[in-house]
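Below, each chain spelled out in residue letters.
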Amino acid sequence: MLADFSNSKQADEEIKAVVPPISNPAPDYDTLLWSEIAVQEYKIQLDLRYASENNFVEEQLYECPRCFLRPEAAKALYQVQEALQDKGYGLKLFDCYRPTSVQERLWEKVPNASYVTPPHKGSMHNRGFAIDATLLDAAGTEVDMGTEFDYFGRRAHHDNKDLDQDILKHRALLKNTMAEFGFKHIRTEWWHYSFRGPYQSPFKLADYQWSCEEEH
Ligand SMILES: [Zn+2]
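Remember, predicted model here, so these are calculated numbers, not experimental data.

The subject of this paragraph is the sheet that holds strand β4 (residues 90–95). Taken together, five strands build an open sheet; the order of strands is β2-β4-β5-β7-β6 and the sheet is mixed. On the outer flanks of this sheet lie β2 (45–46) and β6 (183–186), each paired with one strand and no other. Two elements, β2 and β4, share two bridges in a ladder whose sense is parallel. By the bridge assignment, L46 is partnered in β4 with L93.

This is the structure:
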């Protein structure tokens, strides 16, 4: 015969006894809307340039480096990383979701649509569907992509084939692997990819600000 613990204090205690202790704190963001990229678990390197002064506006625009994407884009990115690892490579990320208010600050610094997407239009970064990335070799060292991140010139273009064979090979590997999992390139920046997979949320501009509290 089953004991009836309904409405009893004993029932609560029984339940507590079987629930394992939580080892990780609960996410400090809405996991239905966002995923924070699990860089340690997937061995993805993070060098968020806008969280430092090492960027083309030479100003720190993120209070702290955290990489967020829309959940479906994050899932696809993990698949990219696994496919690259199978070939002896990996991802390093320079930028992920970028709040629209940061886009406004970039635009104030550089009001030139050749370099910065106007905030009213917004980039796929502002929608949580874009990343800027390069390739790492098996030792975790950046491979030669021909230019630095955020180099604005013809040498960074995908249709510039006047480059060493290994540079073309690296760019093609990144581009083809990203494409396999739903990320599209743009012609003028070898590092930029936007997720256009079949199961995405509407492309809304976002201004979610992630927390920089220590407890996270
Ligand atoms: Zn980008």
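There's plenty left to go through after this.
To continue, consider the packing of helix α3 (residues 71–86) against helix α5 (residues 165–180). The N-to-C vectors of α3 and α5 enclose an angle of 135°; their axes lie 9 Å apart at closest approach. Between α3 and α5, the interaxial angle falls into the category oblique. Where α3 crosses over α5, the two elements pack in a sense that is right-handed. Facing α3, whose interface residues are L77, V80, A83 and L84, α5 presents L173, T177 and M178. Looking at side-chain class alone, the contact of α3 with α5 contains six nonpolar, one polar and no charged residues.

Under the counting rule described, the total for this entry stands at two disulfides. Note on cysteine connectivity: C64 is disulfide-linked to C212, with sulfurs 2.0 Å apart. Classification of the bridge connecting C64 and C212 rests on its S-S torsion, roughly -85°, and on that basis the disulfide is left-handed. With C64 in the loop between β2 and β3 (68–69) and C212 in the segment after β7 (189–195), this residue pair connects regions lying 148 residues apart in the sequence. For C212, a relative accessible area of 25% corresponds to the partly exposed category. Residue pairing for C67: its cysteine sulfur links by disulfide to C96, the two sulfurs lying 2.1 Å apart. A torsion of -100° about the S-S bond marks the disulfide between C67 and C96 as left-handed. Taken together, the residues span a long stretch of sequence, with C67 in the loop between β2 and β3 and C96 in the loop between β4 and α4 (100–109) at a distance of 29 residues. Residue C96 is classed as buried on the basis of its relative accessible area, which comes to 1%. Regarding the disulfides, the chain carries the connectivity 1-4, 2-3 under sequence-order numbering of its bonded cysteines.

Turning our eyes to something else, we now look at the coordination of the zinc ion. Donor atoms from the polypeptide that coordinate the zinc ion comprise H125 (NE2), D132 (OD) and H192 (ND1), at 2.0 to 2.1 Å from the metal. Along the chain, the residues donating to the zinc ion are arranged with the sequence spacing H-x6-D-x59-H. Residue D132 is located in strand β5 (residues 130–136), and its partner H192 is located in strand β7; the two are separated by 60 residues in the primary sequence. The class of H192 is buried, set by a relative accessible area of 7%.

Cut-offs and rules
Residues numbered from 1 in each chain as written. Predicted model: local features only at pLDDT ≥ 70, side-chain atom pairs only at ≥ 80, totals over all residues. Heavy atoms only, no water. Pairing = 2+ DSSP bridges. Helix = DSSP H or I, 4+ residues; strand = E, 2+ residues; numbered from the N terminus. Axes fitted to C-alpha atoms, helices over the stretch in contact; angles between N-to-C directions. Parallel < 35°, antiparallel > 145°, perpendicular 65-115°, else oblique. Left-handed = near helix turned anticlockwise from the far one by under 90°. Contact = heavy atoms within 4.5 Å. Nonpolar A, V, L, I, M, F, W, Y, C, P; charged D, E, K, R; others polar. Disulfide = S-S within 2.5 Å. Buried < 20%, exposed > 50% of the residue type's maximum accessible area, 1.4 Å probe, protein only. Donors = N, O, S within 2.8 Å, 3.2 Å for Na, K, Ca; no water.

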